[in-house]
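# Reading the structure
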Amino acid sequence: MKVIAINGSPRLKGNTFQAIETVFAELNKENIETEVINVGTKVLRGCMSCSGCFKNKDEKCVFDDGINEIIQKMKEADGIILGTPVHYASVGGAMKSFLDRAFYVAGANGGLFRHKVGASVVAVRRSGGIPAFNELNNFFNYSEMLLATSNYWNVIHGRMPGEIEKDEEGLQIMRVLGKNMAWLLKLVENGKDIVA
């Protein structure tokens, strides 16, 4: 099994990345392969509403700026984590552009992410974490994905890289999320031959 994390932070090794790595540590304990893909440092245009992905039905956005390769990795993965810092109580701009396009392509091609396990991770300095968390989850809900949850909202606090290490409750939430995601992934994997 494999989980892909899409990191929407412009800081490659910032708090969003560290939160994802905390979740990954629990997945790795269960022998689940993991990979982080960073989109927060990329220059990505927003969806142009051209409907080319609906016309072509080739699992691609007509604008190929590297997004199509990521879509295929998401399609092949068993689970997807979406991680973002909070910008004005919302996801970062590059992440939003990526999500709009990737999930639109997935929907245009018969639901590429349907029944995959998804989880959202948000890193925030102070406020706005819950709106960004809900925004990420909307993409999972639209795609008929299965949501892995924790024992609280998947939000961790810290301003500068490394400051999340001081958020003991946030780290505990990420560890529980990783354990629950591993459990749900195994449940789906073991049910494939039983549930149609």
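The preceding data block contains the structure.
The shown structure was predicted, so the numbers you read here are calculated from the model rather than taken from an experiment.

## Here's the deal with the packing of helix H4 (residues 93-108) against helix H5 (residues 129-142)
Following both chains from N to C, one finds H4 and H5 inclined at 10 degrees, their axes separated by 10 Å at the closest point. One way to sum up the angle between H4 and H5 is to call them roughly parallel. Contact residues: Met-95, Lys-96, Leu-99, Asp-100, Phe-103 and Gly-107 in H4; Glu-135, Leu-136, Phe-139, Phe-140 and Tyr-142 in H5. Tallied by class, residues from the contact of H4 with H5 come to 7 nonpolar, 1 polar and 3 charged.

## Observations concerning the pairing of strand E4 (residues 117-124)
A large share of E4 lies buried, amounting to 8 of its 8 residues. Burial of the side chains of E4 extends over both faces: Val-117, Ala-119, Val-121 and Ala-123 are buried on one face and Gly-118, Ser-120, Val-122 and Val-124 on the other. When strand E3 (residues 79-85) meets E4, the two strands line up parallel, connected through 7 bridges. Paired with Pro-85 across the two strands is Ala-123, which belongs to E4. Assessed by its sense of winding, the connection that carries the chain from E3 through H4 to E4 is right-handed.

## Comments concerning the pattern of salt bridges
Overall, the coordinates contain 10 salt bridges when judged by the stated rule. Taking the shortest distance from any N to any O, the salt bridge between Glu-35 and Lys-2 comes out at 2.8 Å. Taken together, the residues span a long stretch of sequence, with Glu-35 in strand E2 (residues 33-38) and Lys-2 in strand E1 (residues 2-7) at a distance of 33 residues. Accessibility expressed as a relative area gives 24% for Lys-2, which makes it partly exposed. Residues Glu-189 and Lys-192 are paired through a salt bridge, measuring 3.3 Å at the closest nitrogen-oxygen approach.

## As for the state of the cysteines
A covalent bond between the sulfur atoms of two cysteines is what we call a disulfide. Per the stated rule, a full pass over the model turns up 0 disulfides. Take Cys-47: it sits in no disulfide, and the sulfur closest to it among the cysteines is that of Cys-50, at 6.6 Å. Judged by its relative accessible area of 37%, Cys-47 is partly exposed. Between Cys-53, a cysteine without a disulfide, and Cys-50, which holds the nearest cysteine sulfur, the sulfur-to-sulfur distance is 6.5 Å. The exposure class assigned to Cys-53 is buried, which follows from its relative accessible area of 6%.

## What about the pairing of E2?
Bridge analysis of E1 against E2 gives 6 bridges, and the strand direction is parallel. Across the sheet, Ile-6 pairs through a bridge with Ile-37, a residue of E2. Note on the crossover from E1 through helix H1 (residues 15-29) to E2: the handedness is right-handed.

## Quick notes on unusual backbone geometry
Unusually for a residue other than glycine, Lys-57 sits at a positive phi of about 50 degrees. Inspection of the secondary structure assignment puts Lys-57 in the loop between helix H2 (52-56) and helix H3 (67-76).

## Structural notes on the packing of aromatic side chains
The geometry of an aromatic ring pair is captured by the separation of the ring centres together with the interplanar angle, meaning the angle of the planes. According to the stated counting rule, one finds 5 aromatic pairs in the structure shown. Judged by centre distance (5.3 Å) and plane angle (55 degrees), the ring pair of Phe-103 and Phe-139 falls under tilted. Of this pair, Phe-103 sits in helix H4 while Phe-139 sits in helix H5, placing them 36 residues apart in sequence. The exposure class assigned to Phe-139 is buried, which follows from its relative accessible area of 12%. Aromatic side chains Tyr-152 and Trp-153 sit 4.9 Å apart centroid to centroid with 85 degrees between the ring planes, which places their arrangement in the edge-to-face category. Chaining the aromatic ring pairs together yields one cluster made of Phe-103, Phe-113, Phe-139 and Phe-140. Note that Arg-45 overlies the ring of Phe-63, its terminal NZ or CZ placed 4.1 Å from the centroid.

## Some details on the side chain of Thr-16
You can see Thr-16 is positioned in helix H1. Of the residues examined, Thr-16 reaches a relative accessible area of 1% and is grouped as buried. Apart from residues lying up to four places away in sequence, Thr-16 is in contact with Asn-7, Ser-9, Gly-83, Thr-84, Pro-85 and Ala-123.

Conventions we followed
Per chain, residue numbering runs from 1 following the sequence as it is written. Where local features are concerned, this predicted model is filtered to residues with pLDDT of at least 70; where side-chain atom pairs are given and counted, the filter is 80 or more; whole-chain, interface and lining totals use all residues. Excluded from the side-chain calculation are hydrogens and water; included are all heavy atoms of the structure. Fitting a line to C-alpha atoms yields each axis, with helices limited to the stretch in contact; the angle taken between N-to-C directions then spans 0 to 180 degrees. For the purposes of this entry, the term helix denotes a DSSP run of H or I that reaches at least four residues, the term strand denotes a run of E that reaches at least two, and both are numbered from the N terminus. Note on terminology: angles under 35 degrees are roughly parallel, angles over 145 are roughly antiparallel, angles of 65 to 115 are roughly perpendicular, and the others are oblique. Every residue pair with non-hydrogen atoms within 4.5 Å of one another is taken to be in contact. Gly counts as polar in this scheme, as do all residues outside two lists: the nonpolar Ala, Val, Leu, Ile, Met, Phe, Trp, Tyr, Cys and Pro, and the charged Asp, Glu, Lys and Arg. We call a residue buried when its accessible area falls under 20% of the maximum for its residue type, exposed when it is over 50%, and partly exposed in between, using a 1.4 Å probe and counting protein chains only. We treat two strands as partners when DSSP finds at least two bridges between them. Here, the term right-handed applies to a crossover whose path from the first strand over the helix to the second runs clockwise when the strands point away from the viewer. We count a salt bridge whenever a side-chain nitrogen from Lys or Arg sits within 4 Å of a carboxyl oxygen from Asp or Glu. Defined by distance alone, a disulfide is two cysteine sulfur atoms within 2.5 Å. Ring geometry is summarised as follows: Phe, Tyr and Trp rings, the Trp one being its six-membered ring, pair when their centres sit within 6.5 Å, and such pairs are stacked at plane angles under 30 degrees, edge-to-face over 60 and tilted between the two. Definition used: whenever NZ (Lys) or CZ (Arg) falls within 6 Å of the ring centre and also within 35 degrees of the ring normal, the charge is taken to sit over that ring.

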